[in-house]
Amino acid sequence: MHLAIRGVSKTYANGVRALRDINLDIPRGMYGLLGPNGAGKSTLMRTIATLQEPDTGSITLGEPGSAPDGSIDVVREKDRVRRTLGYLPQEFGVYPSVSAERLLDHFAVLEGFTDRAARRRVVEALLRQTNLWDVRRERLGGYSGGMRQRFGIAVALLGGPSLIIVDEPTAGLDPAERVRFLNLLSEIGEQAVVILSTHIVEDVAELCSRMAIIDRGEIHLEAEPLAAIAALRGRVWRRVVSRAELPDIERRHRVICTKLQSGRTLVHVYDESLPGPDFEATEPDLEDVYFSVMGGHQGARAEAAASRVIS
Ligand SMILES: Nc1ncnc2c1ncn2[C@@H]1O[C@H](COP(=O)(O)OP(=O)(O)OP(=O)(O)O)[C@@H](O)[C@H]1O
């Protein structure tokens, strides 16, 4: 499976240009769509999930190289997409007084599992896969945020989708739940196209073999995270500074980001060579890539663009 997005644009009635000429190729596996609040992630996710239409552009789901009639036109053939789509929106409601097992069984009926025995098997398998089997009889209203998200994934997986869209799933999860949720996603990514939309850099760093960075409706980088990090190697320098020194550093250097580390301020700057005697080389990570791109450091951008692989 492969999702091809070509020239997709969307302007809302209030004049906000949420998507500007988006072009992406998304292969099987975990794909991270990373960007800040308001970047256009949900707009793109809802468009791929057939919940809204773009003003222009096309989206195609199919096997790479398959006959054109074997692939699905996502904008025009909504019913076909919905049959093979699992979508976990940013917010979803559950019936708080119903148990996970009953509600999943109900959704399985809607999904077309009319044979009772077959339906029980599917529901059990999904509850086990999402690690909810032991709590299947508890009311959903008592579930934690992470348990709810895993229940959402169980619902999304009914019917064996080949395209799964997960919009900002880890916001608000505690660290243990987050790891459990990401592990579940990576397992699913072995069989399907999974698009994870998030503003959390670590989610993408830990999980995704490919990614795009989106801001203000535009794609600023499409790359393999490891290649994008490698492209920055030798160009990121660190220095511990006092808060008073910071404005001067920001004036004189291309600051990628500042972090607090055990109460001290740590600055990362972008430069082709050692920017000064007080700096030392540091191993770049995906946060450096993200903030370099968002900060518009041209060098970083050009380098990262060179690592771009169009599949
Ligand atoms: N229905 C709508 N009508 C008008 N403007 C909208 C609508 N939905 C989103 N927008 C605007 O479009 C832009 C992109 O929003 P979108 O929700 O797609 O971004 P996002 O990256 O998902 O951000 P967030 O994480 O905050 O949801 C924002 O400026 C937002 O205010």
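Quantities reported herein were computed from a predicted structural model and do not represent experimental measurements.

An account of the domain arrangement of the protein chain is requested, with residue identities and associated values reported.
Parsing the protein chain into structural domains produces domain 1 (2-223) and domain 2 (229-306). One C-alpha centre belongs to domain 1, the other to domain 2, and the line joining them spans 33 Å. Elements with a minimum of two residues in the side of domain 1 that touches domain 2: helix H7 (201-207), strand S9 (210-215) and strand S10 (218-223). Across the side of domain 1 that touches domain 2, the residue classes tally to seven nonpolar, one polar and one charged.

Give a detailed account of the nonpolar core, specifying residues and quantitative values.
The tendency in soluble globular proteins is for nonpolar side chains to be buried side by side. Tyr31, Ala154, Ile165, Leu185, Val194, Ile195 and Leu196 are the most contacted members of the largest nonpolar core, which has 79 residues in total. The leading source of residues in this core is helix H5 (residues 145-157), at seven residues. Taken together, domain 1 (2-223) and domain 2 (229-306) each give at least three residues to this core, which thus spans both.

Any details on unusual backbone geometry? Residues and values, ideally.
The phi torsion at arginine 216 lies on the positive side, around 45°, for a residue other than glycine. Tracing the sequence through the fold places arginine 216 in the loop between S9 and S10. With a phi angle near 45°, serine 262 is a residue other than glycine that sits in the positive phi range. In this structure, serine 262 sits in the loop between strand S12 (254-261) and strand S13 (264-270).

Procedures and definitions
Residues numbered from 1 in each chain as written. Predicted model: local features only at pLDDT ≥ 70, side-chain atom pairs only at ≥ 80, totals over all residues. Domains from an automatic or database assignment. Helix = DSSP H or I, 4+ residues; strand = E, 2+ residues; numbered from the N terminus. Nonpolar A, V, L, I, M, F, W, Y, C, P; charged D, E, K, R; others polar. Core = buried A, V, L, I, M, F, W, Y, C linked by C-beta atoms within 7 Å. Buried ≥ 20, exposed ≤ 12 C-beta atoms within 10 Å, placed from the backbone.

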